[in-house]
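# Summary of the model geometry
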Amino acid sequence: MERDPSIRDEAEARPYRSHLYPACLPCKKRKSRCRTRDSSAICIMCQAHGTDCVYPRPGDPSPRRSVASSRKLAPKSRQRTKKSSFHPQQTFARLVDAISPPREFTREIINRPVACLETLPCPPTHEHFHREEALPNLVGIVSEAGDNSSHIVSPAVAEDNDILESYLSTVPDARRRCLIRTNPNSRRPVRPILFNTVPRRPLGVSANQSLPASKCEFIEKYLEPGVDDVVDLFFRHVNICFPIFDEMSFRHVYCTHKENISPALLCNLYANALIYWESSSTLRSDRCPDIRFIWNQANEALHSELFLSPGISTVMAIVLNVCGRPSTSIFGNGGMVGTAVALSNALGLNRDPSNWNIRPMEKRFRVRIWWLVVIHDRWCSLAYGTPLQIHRAQYDVPFPTMDDLCSPNASHSHIAASLVFLPLTTLTEVLGTYLQHVYRVSESSPCPTESSSVDLERLLTDWEESLSDDIRRIVLRGTHLNAPGAANFRLAYLAVKLLLRRIQLDLDADTMQGDDETASPFYTLAQRAAEEIVHLVEELDESHFRGFWIPVHAFSLTSATTFLLRSGLRRRNAHPNSPLTLAKRMITTLRSHRSNFSWDLADNCLTTCSDLVEKLSSTESGDDSLAAVPDFQDLDFYNASVLDELLIALPRLTDTIDI
């Protein structure tokens, strides 16, 4: 006869973690330790809580609830559970699940920098819990000090975890993997998301080999006593327009737990802010440090972390690095963006975290970082002539919202900057669609959905119609450019508009009569878009030059100037030659901005086009120095992105600098 497990004597007091004597049902529900003493049939916890101590019978069904299944609870169910009782260990367990790996093998110190994946050798104690709870707003920085980190598992094998989990749950101390179910209401056949732990460092590399830490200390000594002022510059000019960090969280950690911040991340933050040195009333009286020297130190720190222990902090450091000015390396920036994309995919940043059982702060952080990587990928693709690496079908992260960017007590300037950043993300998505046309080289690949000139035009028009009145003034009229990031946003819009006209002109090539591309209506529209960029550059003032710019926009200035030169060559014998006149005005204005305000975005256009403009302008005075230039009909231009044949014919032209 089966013995009733609820009838036990003193010798059969239930040992801790015994599978032969199951815990009572109330202790299972409380997730508390079930233990008896003396000859009592009631466990210690039920005596303390005054609950009925009922043990499961051998024949009773007892469905096992794994870690993965516990995460299938609806958000409202989790909220009701949280309100009903407060258990510090249970609360911490929910916190450490924030990014996704289960606490059995990976723990996240949630109140450290956002998305911090840190492997702990043992379960956290109450003392650890209360110490971390004392840091309530440490969101926006990443510190990854453990030996292991989470890594997303191939979706093709994620379903296998259901069967494996049922086995691993019966094995003591077994390492489990975390399965995150996607939105059950989604109509798309999206596979679940699975995370596993992987070593963070190469074999043979110890944690105390920290070149980034020494580089960070060196930079801080170099900047003393103005380090805090440099941090202020970063948040006043960069982070407000390109929101990488939560400012309050960063400053809290920076002042109290600076050792938790990735040194490579700090190095790139310092280097990124130095371009705004003259904007600080405190720093401008001192000599500005050698920016290139600081950038070299920051690059070494970043590359070292990338080799030793890459993680989310590395993604954030790359965002700062590629966004830094002055930018001087096409290969370096392009490679860094590719690395950031690969790391983001490996860390699951490309997946929508809306229905994950993580804190809202963590969700907002993941959305922001992902879209910053997308922005870099798309705009670097336009500038550097390389295909985009992020495709729409490979991510489902929603667009950021005001709640993702601003706290309830945000300042007026912060709100204004966020209102500019949000449409920049949606404009970047439009740009991604246009780039699919630019880089489509295989005839066997399917055409993008928007394949006609009308469809492409409607895509940008619909985006314009979705804007608020204030943003429409910035985009369509070029007014209200004093908001943080507004001038950069206006140039971004005009660059996309010029790209659209180039694509439409290319698509309309079959309908043009002969070789005269000026017969196409899109030719005039493209010229008007280039003219608008010239007018924008002429209307900028000192406050705009001291503000935020994405460095790859330097190529947008070059693109506009080369198209005007293309139009000017078409009208070589016309008087007046308005496109050539506009190109001359662009070069003259950029020279003035470079000389008066050290505006580095002018460098690429000046190096590429200044000599060319001077030589073409000499035709107006009857100079025959262009005798070596072939007839325009003999020149073969590809989208007029660069005037290759003409550049070969003209002497004394320098190579394009790498920006």
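All of the points below concern the structure found in this document. This is a predicted model, so every value here is computed, not measured. (Residues numbered from 1 in each chain as written. Predicted model: local features only at pLDDT ≥ 70, side-chain atom pairs only at ≥ 80, totals over all residues. Heavy atoms only, no water.)

## Section: the overall build of the protein chain
Quick note on the threshold: Runs of H or I in DSSP of at least four residues are treated as helices and runs of E of at least two as strands, each being numbered from the N terminus. Exposure categories follow from relative accessible area, calculated using a 1.4 Å probe and restricted to protein chains: below 20% of the type maximum is buried, above 50% is exposed, and the middle band is partly exposed. Contacts are assigned to residue pairs with any non-hydrogen atoms lying within 4.5 Å of each other. What sets the accessible areas is the Shrake-Rupley method with a 1.4 Å probe; for residues, cover comes only from the shown protein chains.
In terms of helices and strands, the protein chain carries 26 helices and three strands. For the protein chain, with 659 residues in total, the buried portion stands at 51%. Once local pairs closer than 6 in sequence are excluded, the contacts in the protein chain between residues at least 24 apart make up 70%. As displayed, the protein chain has an accessible area near 31200 Å², and 52% of this comes from carbon and sulfur atoms.

## So, the pattern of salt bridges
Heads up, the rule is: Salt bridges are defined by distance alone: a side-chain nitrogen of Lys or Arg within 4 Å of a carboxyl oxygen of Asp or Glu.
Scanning the model with the defined rule gives 22 salt bridges in all. Here Arg 458 ties to Asp 455 by a salt bridge, and the two come within 3.1 Å at their closest N and O atoms. Taken as a pair, Arg 458 and Asp 455 lie in helix α18 (residues 453-465) at a separation of three residues, close to a single helical turn. With a relative accessible area of 42%, Arg 458 lands in the partly exposed category. Judged by its relative accessible area of 25%, Asp 455 is partly exposed. The shortest N-O distance in the salt bridge between Glu 538 and Arg 585 comes to 2.8 Å. Placement of the pair is Glu 538 in helix α21 (residues 521-539) and Arg 585 in helix α24 (residues 578-597), with a sequence separation of 47 residues.

## As for the environment of Asp 600
Tracing the backbone shows Asp 600 in the loop between α24 and α25 (603-617). Sequence separation between Asp 600 and Arg 325 is 275 residues; the distance between their C-alpha atoms is 7.6 Å. When neighbours within four sequence positions are excluded, Asp 600 is seen to be in contact with Ile 275, Arg 325, Pro 326 and Arg 594.

## Here's the deal with the packing of helix α20 (residues 486-507) against helix α23 (residues 554-570)
Spelled out, the test is: Whenever a helix is involved, its axis is fitted only over the stretch in contact; in every case the axis is a line through C-alpha atoms, and angles between N-to-C directions fall within 0 to 180 degrees. Oblique is the label for any angle not under 35 degrees, not over 145, and not in the 65 to 115 range, which are roughly parallel, roughly antiparallel and roughly perpendicular in turn. By convention, the crossing between two helices is left-handed when the near helix turns anticlockwise from the far helix through less than a right angle, and right-handed when the turn is clockwise. For this classification, the nonpolar set comprises Ala, Val, Leu, Ile, Met, Phe, Trp, Tyr, Cys and Pro, the charged set comprises Asp, Glu, Lys and Arg, and every other residue, Gly included, is treated as polar.
Packing of α20 against α23 leaves a shortest axis separation of 10 Å and a crossing angle of 40°. On the basis of their axis angle, the class for α20 and α23 is oblique. Note on packing geometry: the crossing formed by α20 with α23 is left-handed. Taking contact as the criterion, the partners of Leu 491, Ala 495, Leu 498, Arg 502 and Leu 505 in α20 are, on α23, Ser 556, Leu 557, Ser 559, Ala 560, Thr 562, Phe 563 and Arg 566. A breakdown of the residues in the contact of α20 with α23 according to their chemical character gives seven nonpolar, three polar and two charged.

## Notes on the nonpolar core
A general feature of soluble globular proteins is that nonpolar side chains tend to end up buried together. Using the following cut-off: Among buried residues, those of type Ala, Val, Leu, Ile, Met, Phe, Trp, Tyr and Cys that are joined through side-chain atoms within 4.5 Å constitute a nonpolar core. For the purposes of this description, domain bounds are those given by an automatic or database domain assignment.
Membership of the largest hydrophobic core comes to 144 residues, with the highest contact counts inside it found for Phe 245 and Tyr 270. Broken down by element, this core gets its largest block of residues, 14 residues, from α20. Of the residues that make up this core, three or more belong to each of domain 3 (211-441) and domain 4 (470-621). Apart from residues lying up to four places away in sequence, Tyr 270 is in contact with Cys 216, Ile 219, Glu 220, Leu 223, Val 227, Val 230, Val 231, Tyr 254 and Lys 258. Ala 23, Cys 27, Cys 43 and Tyr 55 belong to the second-largest nonpolar core, a separate cluster that totals eight residues.

## Let's talk about helix α12 (residues 291-308)
How we decide: The span one expects for a helix is its residue count, reduced by one, times 1.5 Å. Two N or O atoms form a polar contact when they lie within 3.5 Å of each other; inside protein one atom must be a possible hydrogen donor and the other a possible acceptor, and for residues adjacent in sequence the pair counts only when both atoms belong to side chains.
Given a rise of 1.5 Å per residue, 18 residues ought to cover 26 Å, and the 26 Å separating the end C-alpha atoms of α12 matches this to within 8%. Buried residues of α12: Ile 291, Ile 294, Trp 295, Gln 297, Ala 298, Ala 301, Leu 302, Ser 304, Glu 305 and Leu 308, and no others. In this fold, the buried residues of α12 make contact with α8 (211-223), α11 (263-273), α13 (312-322) and α14 (330-346). Two or three places before Arg 292, at the start of α12, stands the capping residue Asp 290, its side-chain oxygen 3.1 Å from that residue's backbone nitrogen.

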